[in-house]
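Close look at the chain arrangement
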Amino acid sequence: MIIQQAGMAGTLESSDITISIEPNGTKGIEIELKSTVENQFGNQIRKVILETLQGMGIEHAYVRANDKGALDCAIKARVMTAVSRVVEGDCRPWEAE
Amino acid sequence: MQKLRRTMLYVPGNNPGMIRDAHIYGADSIMIDLEDSVSLYEKDAARLLVYQALKTFDFGGTEVLVRVNPLNTPYGRDDFEAIVRAKPTAIRLPKTETADDVIEADELITEIEQKIGMEHGTIKLFAAVESGKGALNAAQIAVASKRLIGIAIGAEDFVTDLKTTRSPEGIELLTARSLILFAARAAGIAAVDTVYSDVNNEEGFASEVELIKQLGFDGKSIINPRQIEIVNRIYTPTEAEIQKSKRIIEASLEAEAKGSGVISLDGKMIDRPIVERACRILDLAEAAKINVE
């Protein structure tokens, strides 16, 4: 799937994360992360974002993530929602899993 | 012991923190909501969040239901597709008006269960009646599917449909509550009362819980963990009720051991319904963590 426009998902509530996703040409996946728990969990958050995108067949995207202490399942859900909002055609991630 | 549903706690479906913490307060059931507490612009986000959360979190012994959007909205079908896969105990159907609404949901769940190789009947249904038409059809709704484990009344939509408002005494809900309760009892499923929206009015809430307990409801939908303790207190049997129930059960077992069909206690005959009531009292006592041994 190709990211053709910008979109976002999530909130700034505690335990949530906002994910903004934009086209990134052919430069792969780049992640810009702000997190209240960056020192402890920054690498894990990046890993979940990256793996979720790869699992959805996204090869190129610029991601801005603003984390307020989200657990992995919430990060995954927000990434899936952001992607489903910007890709063309039906996107039903639960069918792909 | 029959599953107790004294409290069914609403949890907004687009709030990760609330979903994660919902089971820690001690409600018998939690009901994660994709319908009224989620804005039209966030339906997709909530659906995916609940799907991921249910696949991840261990809610312990707490029963988990998910309230989906009605099938006649653009969101309903996708809600079913995602939530059946996430495997809650039950899907709660809002605004159920006819037996056909339940049958349609049952068939869709069957279709999805088959598609993903899930055993038929894994996902249960819980119907919420929220209109005059639904209340009149409650008896048919309650027997429309073997998946159905309970029926609830949703009062806010109901009083709007009736062109009235909610009163402290709840007179406007009496007929609907009774119809739903009779339907549930005839079908052998649970009956759960509506929410009480004014969280700060503990006296009013307690009074409504007393009423619905006396009517015969299994429990109440609640919107705040603070309401759990009040419901549990009202549904917890007194020490005298527990002691009497224990003696009734003992007399019943004694009569059974003797092969006698007649049970007597303190010179009075004990009927089968009295034994059933005693069993329920001991179930409620156990749920309140009272030692009944």
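Everything numeric here is computed off the predicted structure, so don't read it as measured data. (Residues numbered from 1 in each chain as written. Chains lettered and ligands numbered in written order. Predicted model: local features only at pLDDT ≥ 70, side-chain atom pairs only at ≥ 80, totals over all residues. Heavy atoms only, no water.)

Side note on the UniProt feature "domain: HpcH/HpaI aldolase/citrate lyase" (unreviewed entry) in chain B
- Under the UniProt annotation, "domain: HpcH/HpaI aldolase/citrate lyase" (unreviewed entry) lies at residues 6-225 of chain B.
- Structurally, residues 6-225 of chain B is divided into 43% helix and 18% strand, and its ends, taken at the C-alpha atoms, are 13 Å apart. (UniProt positions renumbered as here; feature names shortened; annotations may be inferred. Helix = DSSP H or I, 4+ residues; strand = E, 2+ residues; numbered from the N terminus.)

Overview of helix H4 (residues 99-116) of chain B
Residue and element names in this part refer to chain B.
- With 18 residues, H4 should cover 26 Å at 1.5 Å per step; its first-to-last C-alpha distance of 26 Å lies within 8% of that length.
- If you check which residues of H4 are buried, you get Ala 99, Val 102, Ala 105, Asp 106, Leu 108, Ile 109, Thr 110, Ile 112 and Glu 113.
- Next to the buried residues of H4 lie helix H3 (76-86), strand E4 (90-93), strand E5 (124-129), helix H6 (138-142) and strand E6 (148-153).
- Once H4 ends, the next one or two residues include Gly 117, with phi positive near 75°. (Expected span 1.5 Å × (residues − 1). Buried < 20%, exposed > 50% of the residue type's maximum accessible area, 1.4 Å probe, protein only. Contact = heavy atoms within 4.5 Å.)

Examining the domain arrangement of chain B
- Domain parsing of chain B yields domain 1 (7-235) and domain 2 (239-288).
- Computed from C-alpha atoms alone, the centre-to-centre distance between domain 1 of chain B and domain 2 of chain B is 33 Å. (Domains from an automatic or database assignment.)

Here's the deal with the sheet that holds strand E1 (residues 7-9) of chain A
Residues and elements named next belong to chain A.
- The sheet built from 4 strands is open, its strands ordered E1-E2-E4-E3 with mixed pairing. Each of the sheet's edge strands pairs with one partner strand only, and the pair in question is E1 and strand E3 (29-35). Sheet twist, expressed as the average angle between the axes of neighbouring strands with direction ignored, equals 15°.
- With 6 bridges joining them, strand E2 (residues 17-22) and strand E4 (residues 61-67) adopt antiparallel strand pairing. What sits directly across from Thr 18, in E4, is Asn 66.
- Strand contacts of helix H1 (residues 38-55): E2, E3 and E4, with the helix running at about 145° to E3, the strand carrying the most contacts.
- Helix H2 (residues 72-86) rests against E1 and E2 of the sheet, and its axis sits at about 35° to E2. (Pairing = 2+ DSSP bridges. Axes fitted to C-alpha atoms, helices over the stretch in contact; angles between N-to-C directions.)

Comments concerning the pattern of salt bridges
Residues and elements named next belong to chain B.
- Evaluated as defined, the whole model comprises 32 salt bridges over all chains.
- Lys 115 is paired through a salt bridge with Glu 81; the nearest N and O atoms lie 3.2 Å apart. Taken as a pair, Lys 115 in helix H4 and Glu 81 in helix H3 lie far apart in primary sequence, 34 residues in all.
- With a closest N to O distance of 4.0 Å, Glu 202 and Arg 226 form a salt bridge. Here Arg 226 lies in helix H10 (residues 226-235) and Glu 202 lies in helix H9 (residues 202-215), a separation of 24 residues in the sequence. (Salt bridge = Lys/Arg side-chain N within 4 Å of Asp/Glu carboxyl O.)

Regarding the interface of chain B and chain A
- With 22 residues of chain B at the interface, the matching set in chain A holds 18 residues.
- Together, Pro 16, Leu 48 and Gln 52 of chain B form the three largest contributors to the area buried by chain B at its contact with chain A, with a combined 31%.
- The tally of links from chain B across to chain A stands at 3 salt bridges.
- Ionic pairing is found between Arg 85 of chain A and Glu 42 of chain B, a salt bridge with its closest N-O pair at 3.6 Å.
- Viewed at the interface, chain A and chain B are joined by 5 residue pairs in polar contact (both at pLDDT 80 or more).
- Among the elements of the structure, helix H1 (16-21), helix H2 (43-56) and H3 of chain B are those that each provide at least two residues to the side of chain B that touches chain A.
- Among the elements that make up the side of chain B that touches chain A, the one with the highest residue count is H2 of chain B (10 residues).
- Here the residues of the side of chain B that touches chain A are counted per class, giving 9 nonpolar, 5 polar and 8 charged. (Buried area = accessible area lost by both parts, 1.4 Å probe. Polar contact = N/O pair within 3.5 Å; in protein donor to acceptor, adjacent residues only side chain to side chain. Nonpolar A, V, L, I, M, F, W, Y, C, P; charged D, E, K, R; others polar.)

What to know about the UniProt feature "binding site: substrate" (unreviewed entry) in chain B
Residue and element names in this part refer to chain B.
- UniProt feature "binding site: substrate" (unreviewed entry): in the numbering of this structure it lies at Arg 67 and Glu 130. Look at the named residues: they lie 64 residues apart in sequence, but the longest C-alpha span between them is just 13.6 Å, so in the fold they bunch up.
- For Arg 67, the location among the structural elements is in strand E3 (residues 63-67).
- Those residues in contact with Arg 67, other than ones at most four positions away along the chain, are Tyr 10, Met 31, Ile 32, Asp 33, Leu 34, Glu 35, Asp 36, Arg 92 and Pro 94.
- With respect to the element layout, Glu 130 can be found in the loop between E5 and helix H5 (132-136).
- Look at Glu 130 and you get buried, because its relative accessible area is 7%.
- Of note is the side chain of Glu 130, whose polar atom sits 2.7 Å from the backbone nitrogen of Lys 95.

Considering the UniProt feature "modified residue: O-(phosphoribosyl dephospho-coenzyme A)serine" (unreviewed entry) in chain A
- Residues given the UniProt feature "modified residue: O-(phosphoribosyl dephospho-coenzyme A)serine" (unreviewed entry) here are Ser 14 of chain A.
- Locating Ser 14 of chain A in the fold gives a position in the loop between E1 and E2.

Comments concerning the packing of H2 of chain A against H2 of chain B
- The interhelical angle for the contact between H2 of chain A and H2 of chain B, taken along N-to-C directions, is 150°, at an axis separation of 8 Å. Relative to H2 of chain B, the crossing made by H2 of chain A is right-handed. Contact residues: Cys 73, Ala 74, Lys 76, Ala 77, Arg 78, Met 80, Thr 81, Ser 84 and Arg 85 of chain A in H2 of chain A; Asp 44, Ala 45, Leu 48, Leu 49, Gln 52, Ala 53 and Thr 56 of chain B in H2 of chain B.
- A breakdown of the residues in the contact of H2 of chain A with H2 of chain B according to their chemical character gives 8 nonpolar, 4 polar and 4 charged. (Left-handed = near helix turned anticlockwise from the far one by under 90°.)

A short note on the confidence of the model for chain B
- Counting all residues, the mean pLDDT for chain B is 94, and 99% of those residues have values of 70 or more.
- Predicted complex, confidence summary: ipTM 0.95, pTM 0.91. (pLDDT = per-residue confidence, 0-100.)

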